[in-house]
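Analysis of the macromolecular model
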Amino acid sequence: MSWFQALILGIIQGLTEFLPVSSSGHLTIGQTLLGVEFSDGDMLLFDVLVHAATVCSTLLVLWKEVAWVLKGTFTTPTWNAEKQYAGKIILSMVPVFIIGMFFKDEVEAIFGHGIVVVGVCLLLTACLLTFAQYAKPRTKEQIGWWDSLIIGIGQACAVLPGLSRSGTTIATGILLGNKKEQVAQFSFLMVLVPILGETFLNILDILKGEVVTDLTWTVMLVGFVSAFVVGAAACKWMIAIVKRQKLIYFAIYCLLMGGFALCYGLC
């Protein structure tokens, strides 16, 4: 992989991690169009780098919210709002933990990672975003416990490449009647621990010498920095977009990109 290819893929990851268009799906499309052929070790290491970069982006943009949860959780003995919020985030992570720990290989074996699968899942993402756009507006004061679990189930379904994690969780939250800005913030915070956990496990594999990679330091640095910078901008942008309820434009985009991916894969 060249530094230019790493730059493009880092930009794609940073942008699409937060926009409801599927980062994994777009990385697959980007790798295909750029002609990048990853070895297993290169793919694992690059995936670790760009996901770590987008975690850092989230912490940068939402540091006040993260600090509020951590401070209220660990400095106050009472069952306060911060502890409840933290508990809901933990509950939302249970479905993706179960899928990731026990069924990830089976899911990958059944659905695969090809561009055709990405195309189909992007079309599903387009449908979800359209439903969320035209859902009857309701404004719950806060995200409930059951809502947290259902949003978490949506996140677990988004292990499929092309089915957007942020699009699925945000659309699910809106369809459940939650405020748009609250759902966007919750969606970005709930993924921090799963990504950090998976990144940590992958780093352990790398340190054990089980991963062989040919990536240069230049390529890794370019990929990380581009994903971080673009990810920070995309995170702020996405929160503003959800507040203004402009999800239909992303639905149209996913429809077009999904159709393109299907045609490219089948032709």
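Residues numbered from 1 in each chain as written. Predicted model: local features only at pLDDT ≥ 70, side-chain atom pairs only at ≥ 80, totals over all residues. Heavy atoms only, no water.

Below, the discussion takes up helix H2 (residues 23-34). When the terminal C-alpha atoms of H2 are compared, their 16 Å separation across 12 residues agrees well with the 16 Å that a helix rising 1.5 Å per residue should span. For H2, every residue scored as buried is listed here: Ser23, Gly25, His26, Leu27, Thr28, Ile29, Gly30 and Gln31. Just beyond H2, the residue with positive phi is Gly35, at close to 70 degrees. (Helix = DSSP H or I, 4+ residues; strand = E, 2+ residues; numbered from the N terminus. Expected span 1.5 Å × (residues − 1). Buried < 20%, exposed > 50% of the residue type's maximum accessible area, 1.4 Å probe, protein only.)

Take the nonpolar core next. Judged by nonpolar contacts, the single largest core of 45 residues is most densely connected at Ile29, Ile170, Phe186, Phe188, Leu189, Met238 and Leu247. Contributing elements (two or more residues each) for this core: helix H4 (63-75), helix H5 (81-111), helix H6 (115-133), helix H8 (165-175), helix H9 (180-190), helix H10 (192-207), helix H11 (217-243) and helix H12 (247-266). Looking at this core, the element that brings in the most residues is H12, giving 7 residues. Excluding residues that lie within four positions of it along the chain, Phe186 makes contacts with Tyr85, Lys88, Ile89, Ser92, Ile143, Ser148 and Ile151. Counting residues in each nonpolar core, the second largest holds 14 residues, with Leu27, Phe46, Leu49 and Val219 among its members. (Core = buried A, V, L, I, M, F, W, Y, C linked by side-chain atoms within 4.5 Å. Contact = heavy atoms within 4.5 Å.)

We now examine the environment of Gln142. Topologically, Gln142 is positioned in the loop between H6 and helix H7 (145-157). The contact partners of Gln142, leaving out residues within four places of it in the chain, are Lys88, Asn178 and Gln182.

With that settled, the discussion passes to the packing of aromatic side chains. Going through the model one piece at a time under the given rule, you end up with 7 aromatic pairs. With centroids separated by 5.7 Å and ring planes inclined at 70 degrees, the aromatic side chains of Trp68 and Tyr85 adopt a geometry described as edge-to-face. Pair noted here: Trp68 is in helix H4 and Tyr85 is in helix H5, with a separation of 17 residues, a long-range link. With a relative accessible area of 36%, Trp68 lands in the partly exposed category. On the numbers, 5.9 Å between centres and 40 degrees between planes, the contact of Phe260 with Tyr264 is tilted. Taken together, the residues Phe260 and Tyr264, both in helix H12 and 4 residues apart, mark about one turn of the helix. Tyr264 gets classed as partly exposed once you look at its relative accessible area, which sits at 40%. Put simply, the rings of Trp68, Tyr85 and Phe186 touch in pairs and so form one group of aromatic residues. (Phe/Tyr/Trp six-rings, centres within 6.5 Å; stacked < 30°, edge-to-face > 60°.)

Turning our attention to the pattern of salt bridges. With the rule as written, the count across this model stands at 1 salt bridge. The closest approach of N and O atoms between Glu17 and Arg165, which form a salt bridge, is 3.8 Å. You can see Glu17 sitting in the loop between helix H1 (3-16) and H2 and its partner Arg165 sitting in helix H8, a full 148 residues away along the chain. With a relative accessible area of 13%, Arg165 lands in the buried category. (Salt bridge = Lys/Arg side-chain N within 4 Å of Asp/Glu carboxyl O.)

With that settled, the discussion passes to the packing of H6 against H12. The interhelical angle for the contact between H6 and H12, taken along N-to-C directions, is 160 degrees, at an axis separation of 7 Å. Judged by the inter-axis angle, H6 sits roughly antiparallel to H12. Taken as a pair, H6 and H12 cross one another with a handedness that is left-handed. By residue class, the composition of the contact of H6 with H12 is 19 nonpolar, 7 polar and no charged. (Axes fitted to C-alpha atoms, helices over the stretch in contact; angles between N-to-C directions. Parallel < 35°, antiparallel > 145°, perpendicular 65-115°, else oblique. Left-handed = near helix turned anticlockwise from the far one by under 90°. Nonpolar A, V, L, I, M, F, W, Y, C, P; charged D, E, K, R; others polar.)

As for its placement among the helices and strands, Lys83 is situated in helix H5. In this structure, Lys83 is buried with no salt-bridge partner, the nearest side chain bearing the opposite charge being Glu82 at 7.3 Å. Setting aside anything within four residues of it in sequence, one finds Lys83 in contact with Gly72, Thr73, Thr76, Pro77 and Thr78. (Lys, Arg positive; Asp, Glu negative; His and termini not counted.)

So, about the packing of H1 against H11. The geometry of H1 relative to H11 is characterised by a closest axis approach of 7 Å and an angle of 25 degrees between their N-to-C directions. As the angle between them shows, H1 and H11 are arranged roughly parallel. As H1 packs across H11, the resulting crossing turns out to be right-handed. Within the contact between the two elements, H1 uses Trp3, Ala6, Leu7, Gly10, Ile11, Gln13, Gly14 and Leu15 and H11 uses Thr218, Val219, Val222, Gly223, Ser226, Ala227, Val230, Gly231, Ala234 and Trp237.

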